[in-house]
Amino acid sequence: MLCYEGKLSLYCFVSAVFSLALQWVFFELDVFAGDVGFWVKAGFLGAYYLVLNVAIRLKFVTKDYQIAVRATFLGAVFSLGVLIFQNCPEEYKSFGVYVTLMSVFHYSEYLGIAFCNPKTLSPDSFILNHSLHYALAAAASWVEYFIEVYFFPAGLLAAAGQRDAGDCARSEMMVFLGIVVHHVELTAWGDEIFTCG
């Protein structure tokens, strides 16, 4: 059974993704006259995200706030990735897939631990602030992406599929190992994980 924190995160993640349904109603069903571009839709997503954050700040305190704001952020990033995929030129569609998959990865880390090992669950389980090395690797992957788009635009979706397959295998191992897996211990143990066992 999913713990309270897991349910809270799921509610907030889905609330942010709900912006896609609102965009479909407003923009695809022609509630607003005329054709709107990507930047109008991205602005709508940004405004919706800000409203959600104000509501979260007013409703939650301390740990619940930290969980809610991170899950909402990941839901908004997921929505942004879908918008990029739907509205940007062909060469940037794979970046939309990448952004969406990264948000799913970070959110599934938290939800997986909420399901398998709720005793060790914390806002750090989203692994958004994992380490400086992780942030540098993420930034390097974005630079790599734009270099690949410029020089090799055809091979990016296959790489996204490989990443997704690896994420599924890792998530299955988290479920299989259950209470043994949580990132706080992994960070604290460092290299001992590989030398002790």
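Calculation notes
- Residues numbered from 1 in each chain as written.
- Predicted model: local features only at pLDDT ≥ 70, side-chain atom pairs only at ≥ 80, totals over all residues.
- Heavy atoms only, no water.
- Helix = DSSP H or I, 4+ residues; strand = E, 2+ residues; numbered from the N terminus.
- Contact = heavy atoms within 4.5 Å.
- Areas by Shrake-Rupley, 256 points an atom, 1.4 Å probe, with all protein chains shown as cover.
- Axes fitted to C-alpha atoms, helices over the stretch in contact; angles between N-to-C directions.
- Parallel < 35°, antiparallel > 145°, perpendicular 65-115°, else oblique.
- Left-handed = near helix turned anticlockwise from the far one by under 90°.
- Nonpolar A, V, L, I, M, F, W, Y, C, P; charged D, E, K, R; others polar.
- Phe/Tyr/Trp six-rings, centres within 6.5 Å; stacked < 30°, edge-to-face > 60°.
- Core = buried A, V, L, I, M, F, W, Y, C linked by side-chain atoms within 4.5 Å.
- Buried < 20%, exposed > 50% of the residue type's maximum accessible area, 1.4 Å probe, protein only.
- pLDDT = per-residue confidence, 0-100.
- Expected span 1.5 Å × (residues − 1).
- Bend = angle between axes of the 7 residues up to and from the residue.

Trainee: Report on the overall build of the protein, specifying residues and quantitative values.
Mentor: Broken down by element type, the protein carries eight helices and zero strands. Seen in sequence order, the protein has helices and strands lined up from the N terminus as α-α-α-α-α-α-α-α. When contacts within the protein are restricted to residue pairs at least 6 apart in sequence, those whose partners lie at least 24 apart make up 71%. On the protein, roughly 11,800 Å² of surface is accessible, and the fraction owed to carbon and sulfur atoms is 71%.

Trainee: Account for the side chain of Thr100, naming residues and giving values.
Mentor: Relative to the assigned elements, Thr100 resides in helix 4 (residues 90–116). When near neighbours in sequence (up to four residues on either side) are disregarded, Thr100 contacts Phe78, Gly81 and Val82.

Trainee: Explain the packing of helix 1 (residues 4–28) against helix 4 to me, using residue names and the numbers behind them.
Mentor: Relative to each other, helix 1 and helix 4 sit at 150 degrees, their axes nearing to 9 Å. On the basis of the axis angle, helix 1 is roughly antiparallel to helix 4. Relative to helix 4, the crossing made by helix 1 is left-handed. Of the residues in helix 4, those touching helix 1 at Glu5, Gly6, Ser9, Leu10 and Phe13 are Tyr107, Tyr110, Leu111 and Ala114. Considered class by class, the residues forming the contact of helix 1 with helix 4 number six nonpolar, two polar and one charged.

Trainee: Tell me about the packing of aromatic side chains, and name the residues and values.
Mentor: Applying the stated criterion across every chain, the model contains ten aromatic pairs. Judged by centre distance (5.8 Å) and plane angle (25 degrees), the ring pair of Phe95 and Tyr98 falls under stacked. Here the residue Phe95 and the residue Tyr98 both occupy positions in helix 4, the gap between them amounting to three residues, near one helical turn. Among the aromatic residues, those joined into a cluster by ring pairs are Phe13, Phe78, Tyr107, Tyr110 and Phe126.

Trainee: Lay out the nonpolar core in plain terms, naming residues and giving numbers.
Mentor: Generally speaking, a soluble globular protein has its nonpolar side chains buried in company with each other. In terms of nonpolar packing, the biggest core is built from 32 residues, with Phe13 and Phe126 touching the most fellow members. Of all the elements, helix 3 (residues 62–87) adds the most residues to this core, at ten residues. Setting aside its immediate chain neighbours within four residues, Phe126 contacts Ser9, Ile67, Arg70, Ala71, Leu74, His106, Tyr107 and Tyr110.

Trainee: Can you break down the confidence of the model for the protein residue by residue, with the values?
Mentor: Low pLDDT marks regions whose predicted coordinates should not be analysed in detail. Averaged over the protein, the pLDDT score is 80; the fraction of residues at 70 or greater is 74%. By mean pLDDT, the top-scoring element of the protein is helix 3 (91), and the lowest-scoring one is helix 8 (residues 192–196) (46). Contacts for the low-pLDDT stretch residues 187–191, under 50 throughout, to residues beyond four places or in other chains number zero contacts.

Trainee: Outline helix 1, supporting the account with residue identities and numerical values.
Mentor: An ideal rise of 1.5 Å per residue puts 36 Å on 25 residues; helix 1 measures up with 36 Å between its terminal C-alpha atoms. Along its length, helix 1 reaches its greatest deviation from straightness, about 25 degrees, at Ala16. Buried residues of helix 1: Gly6, Leu8, Ser9, Cys12, Phe13, Ser15, Ala16, Val17, Ser19, Leu20, Gln23 and Phe27, and no others.

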